[in-house]
Amino acid sequence: MVELTREAAYDLLAMHNRDESHIKHAIAVEAAMKYFARLFGEDENLWGIIGLLHDLDWEECPEEHPKRGAEWLREAGYPDYVVRGVLAHAWEITGVEPNNLMEKVIYAVDELTGFVIAVALVRPSRSLSDLTTKSVMKKWKDKAFAKGVNREVIQKGADLLDMPLNELIDHVIKALRPIERELGLG
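Computed from a predicted model, the values in this text were never measured in an experiment.

Thoughts on the environment of Ala26
Then comes step 1: Examined against the element boundaries, Ala26 turns out to sit in helix H2 (residues 20-40).
Then comes step 2: With 24 residues separating them in the primary sequence, Ala26 and Ile50 have C-alpha atoms 9.4 Å apart.

Listed below in structure tokens is the structure:
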């Protein structure tokens, strides 16, 4: 079994991903997962690793995502709960329904991190430091904005967590603020 370290996970991610936007997305989801792990009193390292690796295969095998990534994780010696977390983030594709808190969070935050970052990018400050939940909700209602983001998945994730959407958004903003420079913001 592989050692569950951020360094090993990042190395595996970097082996299969060269595009800076893919790496930034993985880092954003990692930050959100670690934030929620702290919020819920769970293992930050484990949750962060799953966030970092959730789109492992996206760049090389988008048509097989995330099933190919799950295979790579198994081959690398990652435990089943890590593989399952990666598969659960794309429940509609894999059929692996999120059934624990960690799996529900990865499902809820994956698309939402991208949406929050997209909102920040169109602001004059290009920053998360002054981004409010209200601003994100305003863009949420604008169906022409960030059309590629699956709002149904985000809402379904909030429902799985039994958390109002605006509260989930607020948490994701807070989770991403400390790493906004890494994400090319601020």
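A short note on helix H8 (residues 133-141)
Then comes step 1: Every buried residue belonging to H8 is among Thr133, Val136, Met137 and Trp140, and all of these are buried. Taken down its axis, H8 places every buried residue within 100° of arc, on the same side. In H8, the exposed residues that point more than 90 degrees away from the buried face are Lys134 and Lys138.
Then comes step 2: In this structure, the buried residues of H8 make contact with helix H7 (101-121), helix H9 (151-160) and helix H10 (165-176).

Some points on a nonpolar patch on the surface
Then comes step 1: Residues Leu39, Phe40 and Leu101 make up a contiguous nonpolar surface patch of roughly 220 Å² in combined accessible area.
Then comes step 2: By the element assignment, Leu39 lies in helix H2.

Some details on unusual backbone geometry
Then comes step 1: Residue Pro66 is bonded to the preceding His65 through a cis peptide linkage, with omega at -5°.
Then comes step 2: With respect to the secondary-structure elements, Pro66 resides in the loop between helix H3 (44-53) and helix H4 (67-76).
Then comes step 3: Even without being glycine, Arg126 reaches a positive phi, approximately 50°.
Then comes step 4: On the secondary structure map, Arg126 appears in the loop between H7 and H8.
Then comes step 5: The backbone of Ala146 shows a phi angle near 50°, a positive value even though the residue is not glycine.
Then comes step 6: Residue placement: Ala146 occurs in the loop between H8 and H9.

Quick word on the side chain of Asn17
Then comes step 1: Inspection of the secondary structure assignment puts Asn17 in the loop between helix H1 (6-16) and H2.
Then comes step 2: Among the residues examined, Asn17 registers a relative accessible area of 3% and is labelled buried.
Then comes step 3: Side-chain polar atoms of Asn17 contact the backbone oxygen of Leu56, separated by 3.0 Å.

Quick notes on the rules
- Residues numbered from 1 in each chain as written.
- Predicted model: local features only at pLDDT ≥ 70, side-chain atom pairs only at ≥ 80, totals over all residues.
- Heavy atoms only, no water.
- Helix = DSSP H or I, 4+ residues; strand = E, 2+ residues; numbered from the N terminus.
- Buried < 20%, exposed > 50% of the residue type's maximum accessible area, 1.4 Å probe, protein only.
- Arc of directions from axis to C-beta.
- Contact = heavy atoms within 4.5 Å.
- Patch = residues over 30% accessible without salt bridge, like charges linked within 9 Å, V, L, I, M, F, W, Y side chains within 5 Å.
- Areas by Shrake-Rupley, 256 points an atom, 1.4 Å probe, with all protein chains shown as cover.
- Salt bridge = Lys/Arg side-chain N within 4 Å of Asp/Glu carboxyl O.
- Polar contact = N/O pair within 3.5 Å; in protein donor to acceptor, adjacent residues only side chain to side chain.

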